[in-house]
Amino acid sequence: MTTLDEIDHAILGELRRDARSSMTAIAEAVHISRAGAHARIRRLTDAGVITGYSVRTDPVLLGHHASAYVTLAIEQATWQDVSARLRAIPEIEHMALVGGDYDVILLVRASDARDLRRIVLEDIQAIPSIRSTRTILIFEDFTLE
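This one's a predicted model, so the numbers in the text were calculated from it and none came from an experiment. Numbering of residues starts from 1 in each chain and follows the order in which that chain's sequence is written. With the structure being a predicted model, the display of local features is reserved for residues of pLDDT at least 70 and the display and counting of side-chain atom pairs for 80 or more, all residues being used for whole-chain, interface and lining totals. To obtain the side-chain values, all non-hydrogen atoms of the structure were included, while hydrogens and water were left out.

1. Some details on the pattern of salt bridges
Filter applied, for reference: Think of a salt bridge as a Lys or Arg side-chain nitrogen and an Asp or Glu carboxyl oxygen that are within 4 Å of each other. Secondary structure follows DSSP: runs of H or I at least 4 residues long count as helices, runs of E at least 2 residues long count as strands, and numbering of each begins at the N terminus. Each residue's exposure class comes from its accessible area (1.4 Å probe, protein chains only) as a fraction of the maximum for that residue type: buried when under 20%, exposed when over 50%, partly exposed otherwise.
Taken as a whole and assessed by the stated rule, the structure comprises 9 salt bridges. Of the charged contacts in the structure, one is a salt bridge between R17 and E14, with a shortest N-O distance of 2.8 Å. Of this pair, R17 and E14 both sit in helix 1 (residues 6-17), 3 residues apart, roughly one helical turn. On the accessibility criterion, R17 (54% relative accessible area) is exposed. Its relative accessible area of 18% is what places E14 among the buried residues. Across the salt bridge formed by R109 and E93, the nearest N and O atoms sit 3.2 Å from each other. Taken together, the residues span a long stretch of sequence, with R109 in strand 3 (residues 104-110) and E93 in strand 2 (residues 92-97) at a distance of 16 residues.

2. A short note on the UniProt feature "domain: HTH asnC-type" (unreviewed entry) in the protein
What counts, and what does not: UniProt positions are given in the numbering used here, feature names are shortened, and annotations may be inferred rather than shown by experiment.
In the UniProt entry, the feature "domain: HTH asnC-type" (unreviewed entry) is given for residues 4-65. Between the C-alpha atoms that bound residues 4-65 there is a distance of 40 Å. The span itself is 53% helix and 0% strand.

3. Overview of the environment of S33
The condition is simple: Contacts described as polar in this section are N or O atom pairs within 3.5 Å, which, within protein, must combine one atom able to donate a hydrogen with one able to accept it, while residues neighboring in sequence count only if both atoms come from side chains.
With respect to the helices and strands, the residue S33 is situated in the loop between helix 2 (23-30) and helix 3 (34-46). The class of S33 is partly exposed, set by a relative accessible area of 44%. Taking the C-alpha atoms as reference points, S33 and M23, 10 residues apart in sequence, are found 9.3 Å from one another. Within the local environment of S33, its side chain forms a polar contact with the backbone nitrogen of G36, the two atoms lying 2.9 Å apart.

4. Some remarks on the sheet that holds strand 2
We count it as follows: Whether two strands pair depends on DSSP finding at least two bridges between them. Helix axes are fitted only over the stretch in contact, all axes being lines through C-alpha atoms; the angle between N-to-C directions runs from 0 to 180 degrees. In what follows, residue pairs with any heavy atoms lying within 4.5 Å of each other are defined as contacts.
Strand order in the open sheet formed by 4 strands is 2-3-1-4, with antiparallel pairing between adjacent strands. Each edge of the open sheet is held by one strand with a lone partner, namely strand 2 and strand 4 (130-138). Averaged over all neighbouring strand pairs, the angle between strand axes comes to 20 degrees, with direction disregarded. Bridging between strand 1 (residues 66-74) and strand 4 involves 8 bridges; their strand directions are antiparallel. Bridge pairing in strand 4 places T71 opposite R134. Strands strand 1, strand 2, strand 3 and strand 4 of the sheet are contacted by helix 5 (residues 113-124), whose axis makes an angle of about 140 degrees with strand 3.

Right, here's the structure in full:
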């Protein structure tokens, strides 16, 4: 397990703010040398703390005019199969195994309400181990970072 210090956390904060920041900009922001920043980022990557870099996008501008969280109740011993089948549905943007009133929560992005209906009723509910679903429509998205 990797122990993170204040500088590591500051570097991660800079990368979360803008993953395209140059090594020089990150080093200046956290008050260390460029070589020091590079070494720390390599260590964080090698340790698995940094797992990749991504781009945040606006779902509506991408053509996803209907979004929803879909909760699932599944047969408990079937998680591996269910997760593999859900990963094959391209409109599922995020998936989490959770505890509580339901077992899985999905973030689904669709082109419109009809497409969302198809994804939930024909793609997701067609998986035999899914006992029930509940769809919670998203009216507006907010990015907090």
